[in-house]
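Reading the structure
Below, each chain spelled out in residue letters.
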Amino acid sequence: MFGSLANYLSNVERCAEACSGQALSDFLSLRDIHVHNDKLHVAQPEKMVERYLAAPLDEVVGAHLKVIYYLAQNPTNYMEAYTQQAACCSAVVKLLQMMKDENWCLPVMYRVCLDLRYLAQACEKHGRSFTPGQILEKAADCMMACFRVCAADGRASEEETKRLGMMNLVNQLFKIYFRINKIHLCKPLIRAIDNCAFKDTFPLPEQITYKYFVGRRAMFDSNYRVAVEDLSYAFTHCPDRFGSNKRLILIYLVPVKMLLGYLPSKALLQRHDLLLFHDLAQTLKAGNVNKFDEIVRDNEKVLIRSGIYLLVEKLKFIVYRNLFKKVFAIRQTHQLDLGDFMTALQFVGVTDVSLDETHCIIANLIYEGKIKGYISYAHNKLVVSKQNPFPPLISV
């Protein structure tokens, strides 16, 4: 047993002496082949580890060995493994703090934090004794300890600073905060990256992930122009070989762009199996409210699961706007009878709408700037501006 464990520890020691962070991270990865070596499944490896490794690396490796021990003992009981992985992460914090002017151990931090998130997710999925999101939030707290050490490293040179590890951690934290629906916790992380001198020099994959999440956050804040800018960056720079990732980006980018008046091409949507948005775009152009409702109703579960149901519902005001613009084009007058709009709604299949409801729809369109004008209740008319009564959506 100790021969195999000794061999493992000797390899770890050599990686540390060579300052090879990537190689060391492999020996601490729960996806590496060593995890399945039963000679390493030791309940109390501390004394053996201390013979080979100095503190705090001995704590990092000792906790990792306990993780794989508990996973081997009971592959479905993730809580003990998670607890040891959290201890491993805390030891990594000590390792980062000890290395004043070095950052070669950043890959170790990435790997340990990634596995911590995976184990927290497994605990959430299989555990029954805690509130949903509780373990993931605790995992985020562990990662934040790493992040604070990296963000505070302002003395080292640009090549050796630990601040180069900030974006990787931020992306890990984003994944947790979005999963547990605490998106407001992303704000200070975004501010930290925006103020970072290295924000444009982080690895491209990290920048793509970062822009994707920042774009989604802007989308939830109804800051659609920023959302389009960030999501477009993520989509454009994401390599074509990652088709599933490009599709995921489009799920959010397309409806946001539609809200700003940009309709996607059928070829793009067909390539990424998102023809649902083509059908929605057709109803937008036609102003067909009933057909729009039918499509949303038929795809309700998909839209909710993707987190864009409310966003797509906002497109309905554009459908109303385009329908009412047709009324204006037919009547060719700036004083439009409100009954004509109710008739138009009934014509496209909204048979249960009342005049009061029609008033409300028009009032909301005026409030949102999609119609320039006012309602004259005394004369039951919509009086629209003589200059650009239906402004382009991009200017709204």
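Described in the following lines is the structure provided in the data block. (Residues numbered from 1 in each chain as written. Predicted model: local features only at pLDDT ≥ 70, side-chain atom pairs only at ≥ 80, totals over all residues. Heavy atoms only, no water.)

**A short note on the overall build of the protein**
Counting its regular elements, the protein contains 20 helices and three strands. Taken over C-alpha atoms, the radius of gyration comes to 28 Å for the protein, far larger than the 21 Å a tight globule of 396 residues would show. Here the C-alpha coordinates of the protein stretch approximately 90 × 45 × 40 Å along the principal axes. Relative to its 396 residues, the protein shows a buried fraction of 51%. Considering only intrachain contacts with a sequence separation of at least 6, the fraction spanning at least 24 residues in the protein is 61%. Accessible surface computed for the protein: about 19,600 Å², of which carbon and sulfur atoms make up 51%. For the protein, the separation between the mean place of its 48 positive charges and that of its 40 negative charges on side chains is 5 Å. (Helix = DSSP H or I, 4+ residues; strand = E, 2+ residues; numbered from the N terminus. Rg over C-alpha atoms; globule rule 2.2 N^0.38 Å. Buried < 20%, exposed > 50% of the residue type's maximum accessible area, 1.4 Å probe, protein only. Contact = heavy atoms within 4.5 Å. Areas by Shrake-Rupley, 256 points an atom, 1.4 Å probe, with all protein chains shown as cover. Lys, Arg positive; Asp, Glu negative; His and termini not counted. Charge placed at Lys NZ, Arg CZ, Asp CG, Glu CD.)

**Observations regarding unusual backbone geometry**
A cis amide bond links Ala-55 with the next residue in sequence, Pro-56, at an omega value of 0°. Turning to its location among the elements, Pro-56 is positioned in the loop between helix H3 (46-52) and helix H4 (57-73). The phi torsion at Ser-222 lies on the positive side, around 60°, for a residue other than glycine. Turning to its location among the elements, Ser-222 is positioned in the loop between helix H10 (204-220) and helix H11 (224-237).

**Remarks on the pattern of salt bridges**
Inspection of every chain in the model, using the stated rule, returns 12 salt bridges. Taking the shortest distance from any N to any O, the salt bridge between Asp-340 and Arg-331 comes out at 2.9 Å. On the accessibility criterion, Arg-331 (47% relative accessible area) is partly exposed. (Salt bridge = Lys/Arg side-chain N within 4 Å of Asp/Glu carboxyl O.)

**Comments concerning the pairing of strand E2 (residues 373-376)**
Sheet topology places E2 next to strand E3 (residues 381-384); four bridges connect them, and they run antiparallel. Paired with Gly-373 across the strands is Val-384, a residue of E3. (Pairing = 2+ DSSP bridges.)

**So, the state of the cysteines**
If you walk through the whole model with that rule in mind, you get zero disulfides. Residue Cys-196 stays outside any disulfide, its sulfur separated by 11 Å from that of Cys-150, the closest cysteine. The exposure class assigned to Cys-196 is buried, which follows from its relative accessible area of 7%. Cysteine Cys-238 remains unbridged, with the sulfur of Cys-186 as its closest cysteine sulfur at 20 Å. (Disulfide = S-S within 2.5 Å.)

**Side note on a negative patch on the surface**
Together, Asp-101, Glu-102, Glu-158, Glu-159 and Glu-160 line one region of the surface with negative charge. Inspection of the secondary structure puts Asp-101 in the loop between helix H5 (78-98) and helix H6 (106-126). (Patch = residues over 30% accessible without salt bridge, like charges linked within 9 Å, V, L, I, M, F, W, Y side chains within 5 Å.)

**Quick notes on the environment of Tyr-8**
One can find Tyr-8 in helix H1 (residues 2-17). Judged by its relative accessible area of 3%, Tyr-8 falls in the buried class. Considered as a pair, Tyr-8 and Lys-370 are 362 residues apart in the sequence and their alpha carbons are 67 Å apart.

**Considerations on the sheet that holds strand E1 (residues 335-337)**
Spatially, the three strands line up as an open sheet ordered E1-E3-E2, and their pairing is antiparallel. Among the strands making up the open sheet, the edge pair consists of E1 and E2. Neighbour-to-neighbour, the strand axes of the sheet open up by a mean angle of 25°, direction not taken into account. Here three bridges tie E1 to E3, and the two strands are oriented antiparallel to one another. Bridging across to E3, Leu-336 finds its partner in Leu-382. Running at roughly 155° to E2, helix H20 (residues 355-367) makes contact with E2 and E3 of the sheet. (Axes fitted to C-alpha atoms, helices over the stretch in contact; angles between N-to-C directions.)

**Looking at the packing of aromatic side chains**
Scanning the model with the defined rule gives 12 aromatic pairs in all. Taking 5.3 Å as the distance between ring centres and 70° as the angle between the ring planes, the aromatic pair formed by Tyr-69 and Tyr-70 counts as edge-to-face. Between Phe-324 and Phe-341, the aromatic rings sit 4.8 Å apart at their centres with planes inclined by 65°, giving edge-to-face as the arrangement. Remark: Phe-341 occurs in helix H19 (residues 338-347) and Phe-324 occurs in helix H18 (residues 316-331); sequence separation between them is 17 residues. (Phe/Tyr/Trp six-rings, centres within 6.5 Å; stacked < 30°, edge-to-face > 60°.)

**Re the side chain of His-64**
On the secondary structure map, His-64 appears in helix H4. Overall, His-64 belongs to the buried group, its relative accessible area being 0%.

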